[in-house]
Structures are given as C-alpha cells and as structure tokens.
Amino acid sequence: MQDFGDGAALPPLRVGVAGLGNVGATLVSILQKDGAELTKKLGRQLVVTAVAARSRSRDRGIDISGLDWFDDPVALAKSDGIDLFVELIGGEDGPALAAVKAALEIGRPVVTANKALLAKHGSDLAKLAEETGAQLGFEAAVAGGIPVIKTLREGLGSARIAKVFGIMNGTCNYILTRMGNEDISFADCLRDAQALGYAEADPSFDVDGHDTAHKLAILATLCFGYELAPDRIRVEGITSITQHDIQVAAELGYKIKLLGIAQRTDDGIEQRVHPTFVPKGSAIAGVDGVMNAIALETDHVHELLLAGPGAGGPPTASSVLSDILDIARGTRVPPLGVPSDELLPYREAATRAHDGGYYIRLSAKDVPGALAAIATRMGERGISIDSVIQRSDLSAKAIAPDGSPTRTVVMITQQTLESAVRESLAQIAADGFIVGQPQLIRIETP
C-alpha cells in the first residue's frame, strides 16, 4: 500500500458510532488500536470522537472514557462534533431510521450494517443522500466481511449480471452443515448454534429465511437496477428439513443449502429464498459452517464466487471500516449503483420451468393403490417422475387419522413448474392419500 505521509494535510475525520454491540465495539477497538497505521495508509487521521448506546456502564472491552456520550443516536447523528455517522443499532425503523435520516438530511455521510433498514427504506435513503450530497455506505449489510457491495458498485465495470445467488445466512449454513456431517436433528443443531452465539434467542428471522431475503433484495437492486422489492420474494426457511432429507440428498450426490437466488429474465426479475439440493462437487456446496458465499453470473467474467465469513464482530467491522475509508478518500458512487431516479419499477417475472427437478418427500398411507393414485395426479399436470425411493430406514412411524399405517415416499421429478408440483400435491392431499405437509425442495443441476 502506498504511504501517503502523516496525514497532516487534511483534518482528522471525526467518527460517531451509534450502537456498541459486538460489531460497534470491535470497530471502535480497531480504530483506536490501528489508528496510526490507518493514518499512514490513508493520509488522514480517523478518530472516534463520540458514541451512543443504551448503557454507558456496560463493560465492552474498549475505552470510551475520552469520548462524547449520547443517549440519543439522533442527537449524535446531528452533532457538530462528528464528520461521519456510523449506525450499528439495528432494526428497520425506530432510532436507526431516525438517526440515519437525520445525518443524511444535513449532508453528513453515513455507514450502516443494517440490512433490514435498507431493504425497507433503501430507495428513500438513497434518494435523500443524493439530494443532500451525502455518501451512504452499507458494505457490512450483506455477507459480513465479503466485499460484494463494492464489487457490484465499482468492480465489474460494464458487465451485465444475469444471476446472483448464494449462501447469505451463517446461522442456517451452520445448522445444515452440522446436520449433514452428523446424525443430529434441526432442533439439536439450533440449540448448539444458540449456545455458540451463532443464533439469536429468537432465531425465526434467520431460520425462516427472512434475513436472507433482505440481503437478496439489496443485491438484486444493485445487480439489475430495479427498485428494492423485499416483499416480492418467495421465502422458505429450513425448519422443515429433517435427517431423511439430508440422507437422501447425500446418497444422490447433493448437499442441502439455503440459497437466495435472483435472476434477470425477459419479463422481469425472479427472487426466491429456499433450501436447495446443490451438487457436492460445486463450489457453493463446499461453503460450510458459518461461512457465506455470493456467486455472480455475468457476460464478461462468467461466474464469480466471493466467499468468506458472513457474520461476527471482526468481519463485519472490517466491512464497516472499508466504507469509512472510501468516504475518507472521497470515493463517490450512487448508493444503489445507479441514481435512484433511474431505478426501474420492479417487475416480477412469471413462473418458469425449473432447470432441475424437485425432491418430494411425503408420508403416504400404506394402502393398496395409494402410490398409483399419487403418480396419476402428478401425470395429470405433466410431471414426469425420475425415481421413487421407498426405504424402511427412512420410514416415519406414523399413523393416519383413520388408523392407516404410513410410509415415507421420496420422489424425484424431471424439469417442471413448481406451480404444477404444488397443485398436484394439494390435490393428492385432498384425495386423502397423504398425512401431514409434504416436503418440496428444488434440485440444482450440475
């Protein structure tokens, strides 16, 4: 890195940090510990001068005694004692939104790691930043320490992106990895994730897929130039995944990953979040534990895979710091890749045939004619069955309400429409041949 001197030519950049949780405390620690090295590289001193948090007395492992303390993050955002505001409070509304708007309204640059805030208000905040000349950085909002936002806003030039997909939630990836490596249930994996700090006390936002959906909405806007549309994403989580699914996937040569997928089509944008069978030999299948990975399919560089730690204090703080450095250098790019008034109205793509097949697991009544009736209903909607798997070691010990025994049946389909599969399963359930909710998982072709 080029040495730009001792930073005496420019005044210090005074940073105010709202939110001193794991990420906020780590960021303050880095800026205090590495200040001299950052000044040498940047040519300008970075100084944390003020902070805001809920508790002043809590021990966070950092020295805040010489910093200005604010109980109100909005007051910090508007303070004359800072040049740049960092929002690490969290939440899509409330103090986080009020503070970010307060800073942008006076032309003050903002850095945030808040994907929920951006998914809901990103278009309005980007427009406000453009109107007042403020910079808005949010590298840490998607995939932790992976520089995917910078890559999309600055690194691909004129490359046209056709598809973005990946593993965007470390909690889900940890659980699915553990389930794949060990004979352990979803519930047991979740308890371990909570004990290790990988999952929240209420993990529903992660395991139900909504965290991934927020991140996907941000990536889709940057990739395709359409307005943010987090409420137009089809979302499925991982709570229904069982060892039955894990075992069959492994025997067929797949792993199960929760993927966020967005792609450009001739009639609009398709966005979806769901568990997926991915080939064991694929790059995305090798991303395990709490790691994240984002893949981009473009016309110039074909497929680009960015992988790394997707959460945690140091990786996320590193991404926050990256935005701070860019702002200190004077780097200016539209927050959402293009000026907000040039974003296209969101158009949701029509349902298309899936390139791969589907994995279907259901509990069928163990009575004569049940399997034939199920296959008939599939055939009525043009669904071709590649294989049917019935194994005693996968059988769930269940009894139908009418007293009939059941057996676990797994079917693998050929390429078809998801809507056709769901309609068939609904009809099969109405016929009374299955018990409980069928499991349906997409299969990605190698």
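The shown structure was predicted, so the numbers you read here are calculated from the model rather than taken from an experiment. (Residues numbered from 1 in each chain as written. Predicted model: local features only at pLDDT ≥ 70, side-chain atom pairs only at ≥ 80, totals over all residues. Heavy atoms only, no water.)

A few points about the overall build of the protein chain
How we decide: Runs of E in the DSSP output that reach at least two residues are strands. Runs of H or I that reach at least four are helices, and both are numbered from the N terminus. Each radius of gyration is computed over the set of C-alpha atoms, and the globule rule expresses the reference value as 2.2 Å times the number of residues to the power 0.38. Working definition: with a 1.4 Å probe on protein chains only, accessible area under 20% of the residue-type maximum means buried, over 50% means exposed, and in between means partly exposed. Note on contacts: a residue pair is in contact if any heavy atoms of the two residues lie within 4.5 Å. The protein chains shown are the only cover counted for residues, whose accessible areas, like all others here, come from Shrake-Rupley with a 1.4 Å probe. His residues and chain termini do not enter the charge count, which takes Lys and Arg as positive and Asp and Glu as negative. We put the charge of a Lys on NZ, of an Arg on CZ, of an Asp on CG and of a Glu on CD.
Scanning the protein chain for helices and strands turns up 14 helices and 16 strands. On C-alpha atoms alone, the protein chain measures out to a radius of gyration of 25 Å, which is about the 22 Å that the 2.2 N^0.38 rule sets for 446 residues. On the principal axes, the C-alpha backbone points of the protein chain span a range of 85 × 45 × 40 Å. Within the span of the protein chain, comprising 446 residues, buried residues form 54% of the whole. Pairs at least 24 apart in sequence give 76% of the contacts found in the protein chain among residues at least 6 apart. With an accessible surface of roughly 19,000 Å², the protein chain has 49% of that area assigned to carbon and sulfur atoms. Positive and negative side-chain charges of the protein chain, numbering 42 and 56 respectively, have mean locations separated by a distance of 1 Å.

Let's talk about the pattern of salt bridges
Under the convention used in this document: In what follows, salt bridge is the name for a side-chain nitrogen of Lys or Arg lying within 4 Å of a carboxyl oxygen of Asp or Glu.
Summed over all chains, the structure comprises 26 salt bridges. Residue Arg 272 is joined to Glu 270 by a salt bridge in which the shortest nitrogen-to-oxygen separation is 2.7 Å. As far as burial versus exposure is concerned, Arg 272 and Glu 270 are alike and both buried. Sharing partners across several salt bridges, the network here consists of Lys 150, Glu 154, Asp 326 and Arg 329.

What to know about a negative patch on the surface
Put simply, the rule reads: Candidates for patches are residues over 30% relative accessible area with no salt bridge; among them, like charges are joined within 9 Å and nonpolar side chains (Val, Leu, Ile, Met, Phe, Trp, Tyr) within 5 Å.
Together, Glu 130, Glu 131, Asp 341 and Glu 342 make up a negatively charged patch on the protein surface. Within the secondary structure layout, Glu 131 lies in helix α5 (residues 115-132). Judged by relative accessible area, which is 56%, Glu 131 ranks as exposed.

Regarding the packing of aromatic side chains
In plain terms, the rule: Classification of ring pairs rests on two measures: the distance between centres of Phe, Tyr or Trp rings, Trp counted by its six-membered ring, which must be within 6.5 Å, and the angle between planes, read as stacked under 30 degrees, edge-to-face over 60 and tilted in between. Geometrically, a charge over a ring is one whose NZ (Lys) or CZ (Arg) sits within 6 Å of the ring centre while staying within 35 degrees of the ring normal.
Within this structure, the stated rule accounts for four aromatic pairs. Among the aromatic residues, those joined into a ring-pair cluster are Tyr 254, Phe 277 and Tyr 359. The ring of Phe 138 carries the charged tip of Arg 153 above its face, separated from the ring centre by 5.1 Å. A cation sits over an aromatic face here: Lys 163 above Phe 165, 5.1 Å from the ring centre.

Structural notes on the side chain of Arg 442
Here is the rule: As used in this structure description, the phrase polar contact means that two N or O atoms lie within 3.5 Å; if the pair is within protein, one of them must be able to donate a hydrogen and the other to accept it, and residues adjacent in sequence are counted only when both atoms belong to side chains.
Topologically, Arg 442 is positioned in strand β16 (residues 434-443). For Arg 442, the side chain forms a polar contact with the side chain of Glu 418, separated by 2.7 Å. Among all residues touching Arg 442, those that are not within four sequence positions of it are Glu 270, Arg 272, His 274, Pro 275, Thr 276, Phe 277, His 354, Gly 357, Tyr 358 and Glu 418.

The analysis is restricted to geometry; functional conclusions fall outside its scope.
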